[in-house]
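# A structural walkthrough
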Amino acid sequence: MLVAIAIGLAISIAAFVLVRRWEGERVERAFEAQARHLGQNLAATLAEYEESLYTLRSVFTASEDVTFAEFRTAAAELRERHPGIQMLEWLPRIPDDQRTATESRARSEVRKDFEIKEGGLPLGGETANPDLLTAGKRAEYLPVLFIEPLHGFESLFGFDHFTGPHQRAIARARDTGGIAATRRISWRGDAPGWYLFLPIYAPGSKPKTPEDRLGLFRGCLKGSFRLSDLITTSIGSAERRDVELLLADHTPASTEPFLISFSGDTVRNAPPPTEAEFRAGRHVARKLPVGGRDWVVLFRPAAGWLAAQDTGYSYGFLVGGLALTGLAAMVMRGAQRRTAQVREMVAQRTAELDATQNALRGDIRQRATAERALRASDQRYRAFITNSGEAIWRFEIDPPARIDQPEDALIDELFRSARVAECNDAAARMYGYQRGEEMVGKPIEEILPRSVPANIEHLRTYVRSGFRLENSETHELDRHGRTRIFLNNMVGIVEEGQLLRTWGTQRDVTEQHQRIEEKARLERKLQETQKLESLGILAGGIAHDFNNLLTGILGNASLARMDLPADSPVHANLAAIETVTQRAADLCKQMLAYSGKGRFVVDRLDLSALLRDTAELIQVSISKNVVLKFFLSETLPAISADATQLRQIIMNLVINASDAIGDQRGQITLRTGIQNADRAYLADTYLSPDLPPGDYVFLEVSDDGCGMDAATQARIFDPFYTTKFTGRGLGLAAVLGIVRGHRGALRVYSEPGKGSTFKLLLPAVAGPSDTVALPGAFAAPWRACGTVLVIDDEAAIRNVGARMLQAWGFETETACNGREGLEKFRLNPARFAAVLLDLTMPEMDGTVTFTELRRIRPEVRVLLMSGFNEQDAISGFAGKGLSGFLQKPFTPEALQAKLRAILEGPPPE
């Protein structure tokens, strides 16, 4: 009997110990599973908070100028999806020279009293301080420009975060390109929380170094979050009674590790439990990296949960063993005791089952609530994706691709396994489809053909970047074979060394690139025009000064010839000097024509009639092997032009065409007509940047000669450039100058071996054409009397002019500049019959001198001299009583004709 009782007691105690140990292990596993589940929930909630900032950043990368309304719409959507987000802000980087413009724009679009402020946000708290001061002058600012929500945070508008307590977090976000978190902060009502900062860089950029990121830094997105919301969002209501947690900041150099604690459905902002207390008993620790900070969450089971886990099985086994032992000793009382024990056990099990059923009902209700919230969130997500103007897509990699394999093998596997799992209509349209459903299920190789090397390089860049691309440009082909330029953002989901899927957004920037290329083309066109203008100014200046020298040479030679006896053998030498000087003067005229300052005698001309009159001269100027054909319009409107200069254009173009044909047989065609030229057409011509659209009379000179390549065409109008022998090359340069002076344009078409076409366009004018008459000449010998004042800064011209005048009977006075000339004229104004006045002089030029002469004696006869053309020279004298104009260099006959005309004519008005 004693032996049986001893054995029974030993078995009962052993069963109690084993069952107790098994219960402890079961409770430990259950607690670790629950802590792991809660830790994952916390990590997922933190990831959602960070992802919300990346989603908001896509709004700024999609548009360079986000409005306040657009920001609030996107931010409100994110806050609705993530209730834990307390506030979202946009902090742009504002240089000091843009401060005034930014404040002005913000007052009209954001808040009427907006200004950049500083101070008022002490390090220990984030409550807005009404004593914010206007920010002092600094190189740049980082003010709050946009806030969502507005209520309660209006005073934060304009606060400069470059002076606030979170400068280190902002600098860390800016220099790394990722999210940076702050330490624990205290909100209103002493509610603890933290801030996240996400940098935004210039569109299209992909900075790789901190220096690059500093230069391209546009500003930061700021998110505000409460620690209590993080806990309540991540932990369900049923779980809050089972687990206690402590959240601590283990970031190096952190002076305040405590963040928040949670126990019994109550959040504690002050730290009554310490980490040592949490780690003393059963606990689980999990790391939570948040924006560059090292958070740690400690879990320990609540006392109520531990009590609920104690099923009493160990005691049941002990009681059962003792009962069996007692049964062996008290057989007689066994039946009654067994009945009572069974009844007690049934009641206990029933209570346990009821508790389990109640817990299951609560779990079912919680699951239904979560499913409804998930469906609502999914609907909002679908609406955001569908209505987004930016392409959004997702590739699924099935089977998943191992990322540790060679690069080329991984790319081949992506082409085989990646398929479109989701995309919006904007993505479909980028690749030539209408609806996103048309692309779903298609392999990536059908969207991005492997045969296009650019697609392989795009995937190679994606792999090398660690499956994360930001603002990466690619050239891709849509289904119709059209090349498009996309700006890509891609991120891959990698788990356990395998790439599972890829999310991405795209923006079509093809038109932006085309606009940039068009702008560059127009800038090149403008530079070419400016180059021609600069060369024209140089040529005009040289010709002007050279004309002064030629005037002295030609005048002295003419005077010497006039002084010699008729039978002097020196006449031949002087005639040769005059001939050479006239040729040099002709070269100056070509240089002036190139500069657009040639001498123009403007009439209303019929271009077709001018060509008919010039046809015989054209025919004898070209090779006998060339056939000349005319197609001249009979109904041309008039043009305002110089007939002599137009003949020079025609002869130069025809002779050039003949030279291009060479010794071969060929044909030159001259065609006239009228056309309406718009800005697009004029943009491809020479000298066209400021020409108005409208009706233009044109002359086409076409040949079937050797043609020109692009390099030759780029230089044909350069002075002295020629593909022939040395000494040629000013003809087309002079043509360009004449066209410039007539406010016209030139268009050139040519291909090697296919000939060339030069098309001259001149603006049409209203009214009939004029009949151009040749100027007459004075035939009778002339002798004069009186005094003429010669004012010129060139001594040679003063001396030559004075000698010519003296030869005809005049007395002369000379002056080297306008100031000296006025002094001599003022002594006796009535003495002078006329004044020869140079236009360009130092100290006092011809324009000012002429005005003073007229003020002293209004009826004075003034003959203006210049090396520039008459139109440019006398443009400032219109209606002021100028008597005449003399082009340098001039002969004695030309000077005599001008003087005779103004002295024998009526006095100036």
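Further up the page is the structure itself.
Below, the structure is looked at part by part. Remember, it's a predicted structure, so these values are computed and weren't measured experimentally.

Conventions used here
Residues numbered from 1 in each chain as written. Predicted model: local features only at pLDDT ≥ 70, side-chain atom pairs only at ≥ 80, totals over all residues. Heavy atoms only, no water. Helix = DSSP H or I, 4+ residues; strand = E, 2+ residues; numbered from the N terminus. Buried < 20%, exposed > 50% of the residue type's maximum accessible area, 1.4 Å probe, protein only. Salt bridge = Lys/Arg side-chain N within 4 Å of Asp/Glu carboxyl O. Contact = heavy atoms within 4.5 Å. Polar contact = N/O pair within 3.5 Å; in protein donor to acceptor, adjacent residues only side chain to side chain. Pairing = 2+ DSSP bridges. Axes fitted to C-alpha atoms, helices over the stretch in contact; angles between N-to-C directions.

Time to look at the environment of V735. Residue position: V735 is located in helix 21 (residues 731–741). With a relative accessible area of 0%, V735 lands in the buried category. A sequence separation of 84 residues divides V735 from M651, and the C-alpha atoms of the two residues are 9.9 Å apart.

A word on the pattern of salt bridges. A side chain with one charge may pair with a side chain of the opposite charge, provided their charged atoms come close. Evaluation of the coordinates by the stated rule reveals 44 salt bridges. A salt bridge links R138 to E118, with the shortest nitrogen-to-oxygen separation between them at 3.0 Å. Here R138 is found in the loop between strand 4 (133–134) and strand 5 (140–141), whereas its partner E118 is found in strand 3 (residues 117–118), with 20 residues between them in sequence. For R138, a relative accessible area of 24% corresponds to the partly exposed category. Under the relative-accessibility criterion, E118 is labelled partly exposed at 22%.

With that settled, consider the environment of N676. Tracing the sequence through the fold places N676 in strand 24 (residues 666–677). Looking at N676, the relative accessible area reads 57%, which means it is exposed. Ignoring anything within four residues of it in the chain, the contact list for N676 reads G694 and D695. Looking at N676, its side chain comes within polar contact range of the side chain of D695, at 3.1 Å.

Turning our eyes to something else, we now look at the sheet that holds strand 13 (residues 266–268). Pairing is antiparallel across the open sheet formed by 5 strands, whose spatial order is 13-12-11-15-14. A single partner strand is all that each edge strand has here, and the edge strands are strand 13 and strand 14 (284–290). Each adjacent strand pair in this sheet contributes to an overall mean axis angle of 20°, direction not counted. Relative to strand 12 (residues 258–263), strand 11 (residues 243–249) runs antiparallel, the two sharing 4 bridges. From the neighbouring strand, A248 faces strand 12, where its bridge partner is F258. Against the sheet, helix 6 (residues 227–234) touches strand 11, strand 12, strand 13 and strand 15 (293–301), its axis set at about 40° to strand 12.

Bringing the sheet that holds strand 30 (residues 832–838) into the picture now. Read across the sheet, 5 strands follow the order 29-28-30-31-32 without closing on themselves; strand pairing throughout is parallel. Unpaired on one side and paired on the other, strand 29 (811–815) and strand 32 (884–887) mark the two borders of the sheet. Between one strand axis and the next, the sheet turns by 20° as a mean value, whatever way the strands run. Here 4 bridges tie strand 31 (residues 862–866) to strand 32, and the two strands are oriented parallel to one another. Paired with L863 across the two strands is G884, which belongs to strand 32. Where helix 22 (residues 795–807) meets the sheet, its contacts fall on strand 28 (787–791) and strand 29, and the angle it forms with strand 29 comes to roughly 170°.

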